[in-house]
Amino acid sequence: MKPHLFQYIRAESTQAAIALLEEFGEDAQILAGGQSLVPTMALRMANPETLIDISAIAELQTIELSDGVLTIGAGCRYVDVLNSDLVAKSAPLLCQAIPYIAHDAIRNRGTIGGSLALADPASELPACMLALDAVIIVESKDGQRKIPAGDFFQGTYFTDLAENELLVAIEMPEIASNQIHKFYEISRRSGDYAISGGAFVLTHEDGCIADARLAYFAVSDCAVLATKAGEALVGNSLSSEIIETVSDIAAGEIEFFADLYNGEAMKKQLTKVLTRRMLTKIHDGMN
Amino acid sequence: MDPSYALSFKLNGRQVKQEVSPRTSLADMLRNQMGLTATHIGCEQGACGACNVVVDGKTVRSCLIFAIQMEGAEIETSQGFEGDPLMATLRENFANRNALQCGFCTGGMLLAARDLIKTTPKPNREEIREHISGNFCRCTGYEAIVDAIWKTAHEALDLEGEK
Ligand SMILES: Cc1cc2nc3c(=O)[nH]c(=O)nc-3n(C[C@H](O)[C@H](O)[C@H](O)COP(=O)(O)OP(=O)(O)OC[C@H]3O[C@@H](n4cnc5c(N)ncnc54)[C@H](O)[C@@H]3O)c2cc1C
Ligand code: FES
Ligand code: FES
């Protein structure tokens, strides 16, 4: 349970971190909160020769709202996002989601960028990014790329991030007055990874749903949008019949992957239950 | 032999210097190099909470931080907190209520409890259980721990005269 020996470098700026990634190439890894990387190194499942510590880079830890776009720096820790009034006001989905991630001591260290770069299929935040239609900003010596969340997450621990790129920030639209953010997950114990979880962003007009982005996590090889279920909601009010139908469609369209403890049938059933509970809560809240 | 690097940081109120290898965790440095063995190591994966310490005012897992990251930091371990009345009351109530048996979880548990009372002055039993869900105890069954934290939270209120 002790890691391989490595060289440690504390990067003082984003530009320095990018230059170091270029210099050390595939032998280097970014150390952000270390809440996933350190245990993986202790188990010797990761053996980087160089660690580039970005945790002291202040410019990666800003949260800003301008022209209806909320920008969160990749180095922001969960606790900073959770305690941000700006995030609570403009992207309440994130403040609903973060308490479900691990425990205080992990949230005091783990970062938003680390969670997204890792792309654990059971992680809460990738699904939030899909629901929010967020854009992931990555940077290398060749400049920045802005990648829609839908293209960024490609599979289990697999993203569009290239080896020489640093995830620098995430942009998402500010919540509109006719939008509802809802997050919920079913797990065995508080702090455990979910068996099934959902992050929903609904837009309503005159009591009917005008747009629905229903994202799920811990159910497939990565976070997924249930687009058919979303479409089925459009133009309808949240009656119990529609809720039932949409829950069935969501459970039908997702390709379920078992985890260590829960089979596909269990995840499918709980996804149906989760969808029904979430939409019912939203309905109750609207009236 | 691993290379070693000189660090300087504040530990339990004192400015100290220490040489470390890059791969040494904060937990290992505290225990093996600095003799602070109340910081326990259970899982080395962030799951059990026995290794909790406070870094720059925030409770963290010392098994998931490299010691070399601690240049300039302020670290408080469960053996610190000199002159902290809340920690003193917690320790007393843990002892009086037999909220420990082997004591392996206790250091981490005390830090988690202190955090909770600081942020939620009047936690109910459910909130206490939720907050310590990241700290495993394999002996007590938690009931006595919840009692001790609850009592401390309410005594702390009494101390401030706002029952
Ligand atoms: C006990 C325990 C329980 C947990 N429970 C949950 C949970 O319920 N839900 C959940 O989502 N997570 C959970 N986690 C994982 C935790 O959220 C991690 O903090 C997170 O997944 C990674 O963030 P980090 O900042 O710690 O990244 P690190 O561990 O530092 O890095 C993770 C990976 O991302 C790369 N990386 C990090 N930042 C960047 C960047 N800016 N650009 C490019 N690459 C980067 C690293 O090189 C590494 O490969 C848990 C962890 C523990 C220890
Ligand atoms: S030893 Fe660090 S959490 Fe278990
Ligand atoms: S007292 Fe033994 S683990 Fe808690």
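Throughout, residues of each chain are indexed from 1 in the direction in which the sequence is written. Think of it this way: whatever chain is written first is A, whatever ligand is written first is 1, and the rest follow in order. The predicted nature of this model means local features are confined to residues of pLDDT at least 70 and side-chain atom pairs, given and counted, to a pLDDT of 80 or more, with totals for whole chains, interfaces and linings taken over all residues. Only hydrogens and water are set aside when side-chain values are computed; all heavy atoms of the structure are taken into account.

Caption draft 1: Representation of the domain arrangement of chain A in the model. Each domain of chain A was delimited in the assignment, giving domain 1 (7–53), domain 2 (59–172) and domain 3 (179–286). An automatic or database domain assignment provides the domain bounds reported here. Placing the centre of domain 1 of chain A and that of domain 3 of chain A at their C-alpha centroids yields a distance of 36 Å.

Caption draft 2: Layout of the interface of chain B and chain A. Listed per partner, the contact involves 26 residues of chain B and 28 residues of chain A. Buried area between chain B and chain A, summed over both chains or domains, comes out near 2,300 Å², and the portion from carbon and sulfur atoms is 58%. Here the buried area means the combined drop in accessible surface, using a 1.4 Å probe, for two parts upon being joined, counting both sides. Contact with chain A buries surface across chain B, with Arg23, Leu64 and Phe66 of chain B losing the most and accounting together for 27% of the total. Throughout this description, the term salt bridge denotes a Lys or Arg side-chain nitrogen within 4 Å of a carboxyl oxygen of Asp or Glu. Summed over the shared surface of chain B and chain A, the result is two salt bridges. Here Lys2 of chain A and Glu44 of chain B are joined by a salt bridge, their closest N and O atoms 2.7 Å apart. Polar contacts, as used here, are pairs of N or O atoms within 3.5 Å; protein pairs need one atom able to donate a hydrogen and one able to accept it. Residues neighboring in sequence count only if both atoms are side-chain atoms. Our enumeration of links across chain B and chain A arrives at ten residue pairs in polar contact (both at pLDDT 80 or more). By the criteria applied, helices consist of DSSP H or I runs no shorter than four residues and strands consist of E runs no shorter than two, each listed in order from the N terminus. Of all elements in the fold, only strand S4 (58–61) and helix H4 (125–131) of chain B reach the threshold of two or more residues within the side of chain B that touches chain A. When residues of the side of chain B that touches chain A are assigned to their parent elements, the largest contribution, four residues, is made by S4 of chain B. Partitioning the side of chain B that touches chain A into residue classes produces nine nonpolar, nine polar and eight charged. Contacts are residue-level and defined by heavy atoms, with any inter-residue pair within 4.5 Å sufficient. In this count, Pro and Cys sit with the nonpolar residues alongside Ala, Val, Leu, Ile, Met, Phe, Trp and Tyr, while Asp, Glu, Lys and Arg are called charged and the others, Gly among them, polar.

Caption draft 3: Region of interest: the side chain of Arg61 of chain B. Along the chain, Arg61 of chain B turns up in strand S4. No salt bridge is formed by the buried Arg61 of chain B; the nearest opposite charge belongs to Asp115 of chain B, separated by 8.9 Å. Here Gly46 of chain B takes part through its backbone oxygen, which lies 2.8 Å from a polar atom of the side chain of Arg61 of chain B. Of the polar contacts made by the side chain of Arg61 of chain B, one reaches the side chain of Asn52 of chain B; its length is 2.8 Å. Residues contacting Arg61 of chain B, with those up to four places away along its chain left out, are Gln35, His103, Ala105 and Ile106 of chain A together with Gly46, Ala47, Gly49, Cys51, Asn52 and Gly134 of chain B. To sort residues, take the accessible area from a 1.4 Å probe on protein chains only and compare it with the maximum for the residue type: under 20% means buried, over 50% means exposed, and anything in between is partly exposed. Counted as positive: Lys and Arg. Counted as negative: Asp and Glu, with His and the chain ends omitted from the count.

Caption draft 4: Representation of the packing of helix H11 (residues 240–253) of chain A against helix H12 (residues 264–286) of chain A in the model. Residue and element names in this part refer to chain A. To get an axis, a line is fitted to the C-alpha atoms, and for a helix only the part in contact is used. The angle between two axes follows their N-to-C directions and goes from 0 to 180 degrees. At a minimum axis distance of 8 Å, the contact between H11 and H12 shows a crossing angle of 145 degrees. Like other packed secondary-structure pairs, H11 and H12 cross with a definite hand, here right-handed. Across the interface between the two elements, Ile243, Glu244, Val246, Ser247, Asp248, Ala250 and Ala251 of H11 pack against Lys268, Lys272, Thr275, Arg276, Leu279, Thr280 and His283 of H12. A class-by-class count of the residues in the contact of H11 with H12 yields five nonpolar, four polar and five charged. Two helices cross in a left-handed way if the nearer one is turned anticlockwise from the farther one by less than a right angle. They cross in a right-handed way if the turn is clockwise.

Caption draft 5: Broad picture of the pattern of salt bridges. All names here are of chain A. Taken as a whole, this structure holds 21 salt bridges over all chains when the rule is applied. Asp133 is paired through a salt bridge with Arg213; the nearest N and O atoms lie 3.5 Å apart. Placement of the pair is Asp133 in the loop between helix H8 (124–132) and strand S6 (135–140) and Arg213 in strand S13 (residues 208–217), with a sequence separation of 80 residues. On the basis of relative accessible area, Arg213 is assigned to the partly exposed category, the value being 22%. One salt bridge connects Glu165 with Arg145, and the closest N-O pair in it is separated by 2.8 Å. Here the residue Glu165 occupies a position in the loop between strand S9 (158–159) and strand S10 (166–173), and Arg145 occupies one in strand S7 (residues 143–148), the gap between them amounting to 20 residues. By relative accessible area, which is 8% here, Glu165 ends up buried. Residue Arg145 is classed as partly exposed on the basis of its relative accessible area, which comes to 30%.

Caption draft 6: Quick look at the sheet that holds strand S2 (residues 28–31) of chain A. All names here are of chain A. An order of S1-S3-S2 is seen for the three strands of this open sheet, with the pairing classed as parallel. Only two strands of the sheet have a single neighbouring strand rather than two, namely strand S1 (7–10) and S2. Going across the sheet, the axis of each strand differs from the next one's by a mean of 25 degrees, ignoring polarity. Two strands pair when backbone bridges link them, and S2 and strand S3 (residues 50–53) are joined in this way by four bridges, in the parallel orientation. Within the sheet, the bridge partner assigned to Ile30 lies in S3 and is Ile52. Packed on one face of the sheet, helix H1 (residues 14–24) meets S1, S2 and S3 and runs near 170 degrees to S3. One bridge is not enough; two strands pair if DSSP finds at least two bridges between them.

Caption draft 7: Region of the structure containing the packing of aromatic side chains. All names here are of chain A. For this analysis, a ring pair means two rings from Phe, Tyr or Trp (six-membered ring only for Trp) whose centres lie within 6.5 Å, classed as stacked if their planes differ by under 30 degrees, edge-to-face if by over 60, and tilted for the remaining angles. Summed over all chains, the structure comprises five aromatic pairs over all chains. Relative to Phe217, the ring of Phe183 has its centre 5.5 Å away and its plane inclined at 15 degrees; by these criteria the two rings are stacked. With a gap of 34 residues between them, Phe183 in strand S11 (residues 179–186) and Phe217 in strand S13 connect regions that are remote in the sequence. For Phe183, a relative accessible area of 4% puts it in the buried group. A residue is classified by how much of its surface remains accessible, and Phe217, at 0% relative accessible area, is buried. In this structure an aromatic cluster arises from ring pairing among Tyr100, Phe183 and Phe217.

Caption draft 8: Helix H2 (residues 85–96) of chain B, seen in detail. Residues and elements named next belong to chain B. Take the number of residues in a helix, subtract one, and multiply by 1.5 Å to get its expected span. For H2, built from twelve residues, the straight-helix expectation of 16 Å at 1.5 Å per residue is met to within 8% by its first-to-last C-alpha distance of 16 Å. Among all positions of H2, only Leu86, Met87, Thr89, Leu90, Asn93 and Phe94 are buried. Taken down its axis, H2 places every buried residue within 160 degrees of arc, on the same side. Seen from the open side of H2, the exposed residues pointing more than 90 degrees away from its buried face are Pro85, Glu92 and Asn96. The opening residue of H2, the one whose side-chain oxygen lies 3.1 Å from the backbone nitrogen of Leu86, is Asp84. What the arc describes is the spread of directions from the helix axis to the C-beta atoms.

Caption draft 9: Quick peek at the site of ligand 1. Neighbouring residues are identified by heavy atoms, a residue being near a molecule or strand if any of them is within 4 Å of it. If you check the shell around ligand 1, you find 32 residues, and the closest are Ile30, Leu37, Tyr78, Thr111 and Ser123 of chain A. The site occupied by ligand 1 is bordered by residues of chains A and B. Within the contact set of ligand 1, an oxygen atom lies 2.8 Å away from a backbone nitrogen or oxygen of Gly33 of chain A. In this structure, Leu167 of chain A approaches ligand 1 through a main-chain N or O atom, which is 2.9 Å from a nitrogen atom.

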